[in-house]
Amino acid sequence: MITLTINGKKVKAKEETTLLEICRKMSISIPTLCYHPDLAPHGSCRLCTVEVSENGKARMVTSCNFPAREGIKVETHSDQVIQARRILVELLLARCPQVPFIQDLARELGVEKTPFKTENPENNCILCGLCVRTCNEIVGADAIGFSHRGTRKKIGTPFEIDSEQCLACGACEYICPTGAVRMEMDRIRKIKRSDTGTLRYCRYMRLGLVDFMVCSNGFECWRCEVDQAMEDRFGTHPAFAVKPAKNKHPLQVNGFTFFPELFYSEEHLWARPMDGNIQLGFDDLVSTFAMEADSIRLPPPGTVLKKRQVLAEITAAGKTARVLSPFTGTVSVINRDVEESPSLAWRDPYRRGWLLILQPEPPDQISRLYSGEPAKTWFTKQAANLATLFMKWAPKPSKKEESQDGQLIRTIVRRHWDKLAEVLLSH
Ligand code: SF4
Ligand code: SF4
Ligand code: FES
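What comes next is a walk through the structure.

Conventions we followed
- Residues numbered from 1 in each chain as written.
- Chains lettered and ligands numbered in written order.
- Predicted model: local features only at pLDDT ≥ 70, side-chain atom pairs only at ≥ 80, totals over all residues.
- Heavy atoms only, no water.
- Core = buried A, V, L, I, M, F, W, Y, C linked by side-chain atoms within 4.5 Å.
- Buried < 20%, exposed > 50% of the residue type's maximum accessible area, 1.4 Å probe, protein only.
- Helix = DSSP H or I, 4+ residues; strand = E, 2+ residues; numbered from the N terminus.
- Pairing = 2+ DSSP bridges.
- Axes fitted to C-alpha atoms, helices over the stretch in contact; angles between N-to-C directions.
- Contact = heavy atoms within 4.5 Å.
- Near = heavy atom within 4 Å.
- Nonpolar A, V, L, I, M, F, W, Y, C, P; charged D, E, K, R; others polar.
- Salt bridge = Lys/Arg side-chain N within 4 Å of Asp/Glu carboxyl O.

### Some details on the nonpolar core
- Within the largest apolar cluster, 103 residues are counted, with the highest numbers of intra-cluster contacts made by Tyr264, Leu280, Phe282, Phe289, Ile296, Leu355 and Phe379.
- With 8 residues, the top contributor of residues to this core is helix H12 (residues 372–393).

Written out as structure tokens, the structure reads:
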């Protein structure tokens, strides 16, 4: 424990606790904009500014990310602090003059008007980054980010095109303090069509909260009983309650990606249990076949698949690799996006590149697969073997090849397709 002084009062705190956390415990009110207790502090809005004196020197710091230190003196409402917050609010008011949240904040700080010029009175985004961090740290989708610089800086999807990575979960809309994020239903319906082209998976399925559900409300969640039930159950946006991103941290093993929470089969498929069903996809090793695939064929829904029958057929430049099923069961859904865009199974094999959902018969077959530490041990060995082969087969790269990400692997896969299939797919 350390001792510091806040507004003339000595307090004890754990080292590394932020000043904001300590102040909140002491019921000292400090305005914040970019801070959220579930997100890593960002320190971008600077509204939480306080004055810290240390070794006889005073300076302004952002309390949301400034860790408590032995002996420091903190003033949360000195004249300089209030003045600094007022200027910040005047800038925000000039940026977003019509946002009620900002207007309220200005009133609280006694700011009636701003001396700064308003460029675009319609602008609602204060660039606090809450939506971006929510999408990244809570949802794990990484669908949006900042783009441009200076006065042109804004929030959006990469290259400003509709993002396939977006789950349409609405967590960004929920967290935005100014109402700048709006879910555009028509665009979401278009992006999130499912295998039939008309069905749409529920956003809670995409978040991993329900196993399998198709939206029958055209993504108008406010009309949906399930949505209401979720809100009642969690009392917040469900993404914040379950934080799907925490299970989505992949490991890099000998240059290949491994998701610890999944099951893995000798056939190089990952499997995710879904309350009676099993979702399947290529692991990162076998997904290399899909790098330049012309097609990936999957058995149509309704097919009864026997263990060791062909589950996926990958074809590239006249060569075919067949991946066998580790289970017996009935195919309930296939990922048409992978059929339409086969390289998705390589670009994002564990998420958007999933292959199909199977209803296993008998039900408990997944427990035979590798999971936990044995899965990691098995995957590590397989990845090491493949990495060794890739090194052995690697041609001397030309300058052009070196500069192109993945080009060497492409060349190897093309030249050694049969051997690779023998190593990975014949057991
Ligand atoms: S809807 Fe969800 S996945 Fe899409 S950008 Fe917002 S937080 Fe990210
Ligand atoms: S859209 Fe909303 S949450 Fe995102 S940066 Fe702008 S104001 Fe913040
Ligand atoms: S809340 Fe601390 S910088 Fe925004």
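### Here we look at the environment of Ile144
- With respect to the helices and strands, Ile144 occurs in the loop between helix H4 (130–139) and strand S6 (145–147).
- Residue Ile144 is classed as buried on the basis of its relative accessible area, which comes to 19%.
- C-alpha of Ile144 to C-alpha of Arg133: the two residues are 11 residues apart in sequence and 9.0 Å apart in space.

### Some thoughts on the sheet that holds strand S3 (residues 49–54)
- Ordered by their spatial adjacency, 5 strands build an open sheet running S2-S1-S5-S3-S4, and the pairing between neighbours is mixed. Each having just a single partner strand, strand S2 (9–13) and strand S4 (57–62) make up the two edges of the open sheet. Here the strands of the sheet are splayed against their neighbours by 30° on average, with no regard to which way each runs.
- Relative to S2, strand S1 (residues 2–6) is paired through 5 bridges, and the arrangement is antiparallel. Looking at the pairing, Thr3 lines up with Lys12 of S2.
- Here helix H2 (residues 79–95) sits on the sheet in contact with S3, S4 and strand S5 (73–75), set at roughly 145° to S3.

### Quick look at the site of ligand 2
- Of all residues adjacent to ligand 2, which total 13 residues, the nearest are Cys125, Cys128, Gly129, Cys131 and Cys176.
- When its residues are assigned to classes, the shell around ligand 2 shows 11 nonpolar, 2 polar and no charged.

### Topic: the site of ligand 1
- As a structural note, the neighbourhood of ligand 1 is formed by Cys135, Ala141, Ala143, Ile144, Cys166, Leu167, Ala168, Cys169, Gly170, Cys172 and Met183.
- Residues of the shell around ligand 1, tallied by class, amount to 10 nonpolar, 1 polar and no charged.

### A closer look at the environment of Ser287
- Position of Ser287 among the secondary structure elements: in the loop between strand S14 (277–282) and strand S15 (295–297).
- A residue is classified by how much of its surface remains accessible, and Ser287, at 0% relative accessible area, is buried.
- Spatially, the C-alpha atoms of Ser287 and Trp346 are 4.7 Å apart, while their sequence positions differ by 59 residues.
- Apart from the residues lying within four places of it in its own chain, the contact partners of Ser287 are Phe282, Ala345, Trp346 and Pro349.

### What to know about the pattern of salt bridges
- Enumeration according to the criterion identifies 14 salt bridges in this entry.
- Among the ionic pairs, Glu313 bridges to Arg322, the shortest N-O distance being 3.0 Å.
- Classification of Arg322 as partly exposed rests on a relative accessible area of 43%.
- For Lys319, the salt bridge goes to Asp418, with nearest N and O atoms at 3.0 Å. With a gap of 99 residues between them, Lys319 in strand S18 (residues 319–324) and Asp418 in helix H15 (residues 417–425) connect regions that are remote in the sequence.

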